[in-house]
Amino acid sequence: MNCRLQQVGFLGFDVFGTVVDWRSGVARAAAPFLERYDIALDPFDFANAWRALYQPAMESVRSGERPWVRLDVLQRENLERLLAGHGVAVDDIPEQDLAELTRAWDRLDPWPDVADGLARLKRRFAIAPISNGHIAGMLQLARFGGLPWDAILGAEISRSYKPQPATYLKSLEAAGFEPGQAALVAAHNGDLRAARALGMHTVFVRRPHEYGPDQDQDLRAEEDWDVVADSLIEVADILGCA
């Protein structure tokens, strides 16, 4: 086992991009919607554009500009903003269709290495998401993708969004671990920087196709993270999880 993580008993996971392939799942759900309403957008471009509204929407909560709301509320608002920006009369689309498309974020496929990797890591560590996703969405993702979490932690526990410290610290407190007893597993250098600043250990998993073939961010480890790997299976190998 990696000597830096000898005292670790808990692994917290970023989910969107690290554990699940949001781009393909959202594009899959968007394709029939775009066709039904004659919206001339490529489904994958649509997925990327929807995701691009994710951080600005959360920043309005982080900054105190608006009160706390769950991620599903922000995703629905972002969907309507995206459609309106492309000239779609959102009020003419049935509520059930908008709600169904928003739920695409609850039905995302795990990356191919995830099922085996999580199963192996769970034998040695307690595992849970530390995600910006809301609890109901994380529950649906777990059921859809067979994710064997021990608990569901993250933004709704703390009523804050990463990289705010409370999102990590209140999740660890709920799970009964100190930062030095925990590691964050993420495909995003910024997420790991925030976790390391709080005393957590860090595991970087490369996901070079998260944003598609033209991805230009998080292609490599930008700091000396405790573990750097290309898959959760490799993480399990490094951490001695049979």
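Reading the values: rules and limits
The residue count restarts for each chain, going from 1 along the sequence in the order it is written. The predicted nature of this model means local features are confined to residues of pLDDT at least 70 and side-chain atom pairs, given and counted, to a pLDDT of 80 or more, with totals for whole chains, interfaces and linings taken over all residues. The side-chain values count all of the structure's non-hydrogen atoms but skip hydrogen atoms and water molecules. Among buried residues, the Ala, Val, Leu, Ile, Met, Phe, Trp, Tyr and Cys ones that are joined through side-chain atoms within 4.5 Å form a nonpolar core. Using a 1.4 Å probe on the protein chains alone, a residue whose accessible area is under 20% of its type maximum counts as buried, one over 50% counts as exposed, and one in between counts as partly exposed. Under the scheme used here, helices are H or I runs from DSSP no shorter than 4 residues and strands are E runs no shorter than 2 residues, and both carry numbers assigned from the N terminus. Within 6.5 Å between ring centres, the rings of Phe, Tyr and Trp (the latter by its six-membered ring) count as paired, and their orientation is classed by plane angle as stacked under 30 degrees, edge-to-face over 60, tilted in between. With axes taken as lines fitted to C-alpha atoms, and helix axes fitted only over the stretch in contact, angles between N-to-C directions fall between 0 and 180 degrees. For classification purposes, an angle smaller than 35 degrees is called roughly parallel, one larger than 145 roughly antiparallel, one from 65 to 115 roughly perpendicular, and anything else oblique. Should the near helix be turned anticlockwise from the far one by less than a right angle, the crossing is termed left-handed; should it be turned clockwise, right-handed. Any two residues whose heavy atoms approach within 4.5 Å at even a single point are treated as in contact. Note that Gly is not counted as nonpolar here; it falls among the polar residues with everything else outside the nonpolar set of Ala, Val, Leu, Ile, Met, Phe, Trp, Tyr, Cys and Pro and the charged set of Asp, Glu, Lys and Arg. To estimate the expected span of a helix, subtract one from its residue number and multiply by 1.5 Å. The angle between axes fitted to the seven residues ending at a residue and the seven residues starting there is what we call the bend at that residue.

Caption draft 1: Summary view of the nonpolar core. Counting 60 residues, the largest nonpolar core has Leu11, Phe13, Phe16, Phe46, Leu83, Leu121 and Trp149 as the members making the most contacts within it. Looking at this core element by element, the count peaks at six residues for helix 1 (residues 22–36). In terms of nonpolar packing, the next biggest core, distinct from the first, is built from 15 residues, Ala182, Ala194, Met200 and Phe204 among them.

Caption draft 2: Fine view of the packing of aromatic side chains. By the definition in use, this model includes 10 aromatic pairs. A ring pair is formed by phenylalanine 13 and tryptophan 149, whose centres lie 5.4 Å apart and whose planes are at 45°; its orientation type is tilted. With phenylalanine 13 in strand 1 (residues 10–13) and tryptophan 149 in the loop between helix 7 (135–145) and strand 3 (153–154), the pair connects residues that are 136 residues apart, well separated along the chain. According to the relative accessible area criterion, phenylalanine 13 is buried, its value standing at 0%. Owing to a relative accessible area of 12%, tryptophan 149 belongs among the buried residues under this scheme. With a centroid separation of 6.5 Å and an interplanar angle of 80°, the aromatic rings of phenylalanine 16 and tyrosine 54 are classed as edge-to-face.

Caption draft 3: Examining the packing of helix 1 against helix 5 (residues 95–102) more closely. Contact geometry of helix 1 with helix 5 gives a least axis separation of 10 Å together with a crossing angle of 155°. Judged by the angle between their axes, helix 1 and helix 5 are roughly antiparallel. Like other packed secondary-structure pairs, helix 1 and helix 5 cross with a definite hand, here left-handed. Here Ala29, Ala30, Phe33 and Arg36 of helix 1 come into contact with helix 5, specifically with Asp97, Leu98 and Leu101. Across the contact of helix 1 with helix 5, the residue classes tally to five nonpolar, no polar and two charged.

Caption draft 4: Expanded view of helix 1. Counted at 1.5 Å a residue, the expected span for helix 1 with its 15 residues is 21 Å, and the 22 Å between its end C-alpha atoms agrees. Along helix 1, the sharpest change in direction is near 35° and occurs at alanine 30; proline proline 32 comes one to four residues later. Regarding helix 1, the residues found buried are Trp22, Arg23, Gly25, Val26, Ala27, Ala30, Phe33 and Leu34. In this structure, the buried residues of helix 1 make contact with helix 2 (43–52), helix 4 (71–85) and helix 5. Trailing helix 1 by a residue or two, aspartate 38 shows a phi angle of about 55°, which is positive.

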